[in-house]
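# Coordinate inspection notes
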Amino acid sequence: MLDAHERFVASGPLRIWTERVGDPGLPAVLMVMGSAAQGVLCPDALVGRLVERGVQVIRFDHRDTGRSSVVDFDAHPYTIGDMARDCLAVLDGYGLGSAHVAGTSLGGMIAQWLGVHAPDRVRSLTVMSSSPMGHDLRPVWARARAGKPADPDDLPPPSPAFLAHLAAGLPPGVESDVALFRVFNGPVRPFDEPAARAMLELALSRATDPAAAANHDLAVWRDAPDLLAPLSSITAPTSIVHGDQDPLWPLGHGEALAAAIPGAVLHVVPGMGHVLTSPGLPEEVADLIRL
């Protein structure tokens, strides 16, 4: 059991739920989760392994997830940049001038934004299972859903298994989430369904408004000039961690990130999909996070 300390911090009018594990006097790692993902979906095993490596770890619930504030998106639409500013508010709330930033999926795009627009706050950058920010991938997805061939200049589309899951239209709830995580896990490494189910049930039990997390999908596609800033301006030491079985952002997305960020090191994790729901994988990935 992790020795964790919870608190809320303010991000403008919003309250953001946070949790710190480890010695407050040590350098911090800020874990930034993906779309619709609460902080508790960052596995305890990963957090514990990072603490063993000599850091404190802060994880948090994005706006519209978990115990953080719910936003009326129609009245107050937001962007990836606004979600990144929540991250800065978390650092401010803990009195941290900077942190190692590790983001996964949408959290990886948020991490890129921080590396570009708040470089003084980023000690190092780890982008996991993600894609370059600022790319409108909706045409890629539309062609894939229609069964049309990919444009050779496109980043690769999601896997047929993921597109089939979307097409199935399962009703929202734990069973649908478990089915999605099974697809996200990929076919190579074993899927720890009991652990995934327990994690997803915990997330559902602590969500103020489970439906609000869908706002992240709206935020991702909102036009925002700050997302078009070149990744070549990132100066933080950067690692890209990507599975070769990622069904959402296939490996080409990680390769594109590594090519765009100066000096970035690409770690390809054999058999890894888009989530850390295979035994031993959280610890393996924790050892690749840049400190």
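Reference entry: report on the structure contained in this document. (Residues numbered from 1 in each chain as written. Predicted model: local features only at pLDDT ≥ 70, side-chain atom pairs only at ≥ 80, totals over all residues. Heavy atoms only, no water.)

## Here's the deal with the side chain of Arg-59
In this structure, Arg-59 sits in strand E4 (residues 56-60). With relative accessibility at 5%, the residue Arg-59 sits in the buried group. Here Cys-42 takes part through its backbone oxygen, which lies 2.6 Å from a polar atom of the side chain of Arg-59. Beyond its immediate stretch of four places on either side in the chain, Arg-59 contacts Leu-2, Trp-17, Thr-18, Glu-19, Met-31, Gly-39, Cys-42, Pro-43, Asp-44 and Val-47. (Helix = DSSP H or I, 4+ residues; strand = E, 2+ residues; numbered from the N terminus. Buried < 20%, exposed > 50% of the residue type's maximum accessible area, 1.4 Å probe, protein only. Polar contact = N/O pair within 3.5 Å; in protein donor to acceptor, adjacent residues only side chain to side chain. Contact = heavy atoms within 4.5 Å.)

## Re the packing of aromatic side chains
Scanning the entire structure with this criterion turns up three aromatic pairs. When the centroid spacing of 5.7 Å and the interplanar angle of 15 degrees are considered together, the rings of Phe-162 and Phe-184 count as stacked. With Phe-162 in helix H5 (residues 160-168) and Phe-184 in helix H6 (residues 174-185), this pair connects stretches of sequence that are 22 residues apart. Among the aromatic residues, ring-to-ring pairing joins Phe-162, Phe-181 and Phe-184 into one connected group. Above the ring of Phe-8, the side-chain terminus of Arg-15 is found at 3.9 Å from the ring centroid. Above the face of the Tyr-78 ring, Arg-63 is positioned so that its terminal group lies 4.7 Å from the ring centre. (Phe/Tyr/Trp six-rings, centres within 6.5 Å; stacked < 30°, edge-to-face > 60°. Lys NZ or Arg CZ within 6 Å of the ring centre and 35° of its normal.)

## Considering the environment of Arg-85
The topology assignment puts Arg-85 in helix H2 (residues 80-93). Expressed as a C-alpha distance, the spacing of Arg-85 and Pro-157, which sit 72 residues apart in the sequence, is 29 Å.

## Thoughts on H5
Within the sequence span of H5, burial applies to Phe-162, Leu-163 and His-165. Down the axis of H5, the smallest arc covering the buried residues is 155 degrees, so these residues share one side. With respect to the buried face of H5, the exposed residues turned more than 90 degrees away are Pro-160 and Ala-167. As for H5, its buried residues are in contact with helix H4 (138-145) and H6. The positive-phi residue at the C-terminal boundary of H5 is Gly-169, with phi of around 60 degrees. (Arc of directions from axis to C-beta.)

## Thoughts on the sheet that holds strand E2 (residues 14-21)
With mixed pairing, the eight strands of this open sheet are ordered in space as E1-E2-E4-E3-E5-E6-E7-E8. If you trace the sheet from one side to the other, it starts and ends with strand E1 (4-11) and strand E8 (265-269), each paired once. Mean inter-strand twist for the sheet, computed between neighbouring axes without regard to direction, equals 20 degrees. Where strand E7 (residues 238-243) lies against E8, five bridges are found, and the strand directions are parallel. Bridge pairing in E8 links His-242 to Val-268. Helix-sheet contacts for helix H3 (residues 106-117) involve strand E3 (28-32), strand E5 (99-104) and strand E6 (122-128), and the interaxial angle to E5 is about 145 degrees. (Pairing = 2+ DSSP bridges. Axes fitted to C-alpha atoms, helices over the stretch in contact; angles between N-to-C directions.)

## Overview of the pattern of salt bridges
In the structure shown here, the tally under the stated rule is 13 salt bridges. Ionic pairing is found between Arg-197 and Glu-175, a salt bridge with its closest N-O pair at 2.5 Å. Within this pair, whereas Arg-197 is found in helix H7 (residues 193-205), its partner Glu-175 is found in helix H6, the two being separated by 22 residues in sequence. Residue class for Glu-175 comes out exposed when judged on its relative accessible area of 54%. Each of Glu-175, Arg-182, Glu-193 and Arg-197 takes part in one network of salt bridges that share partners. (Salt bridge = Lys/Arg side-chain N within 4 Å of Asp/Glu carboxyl O.)

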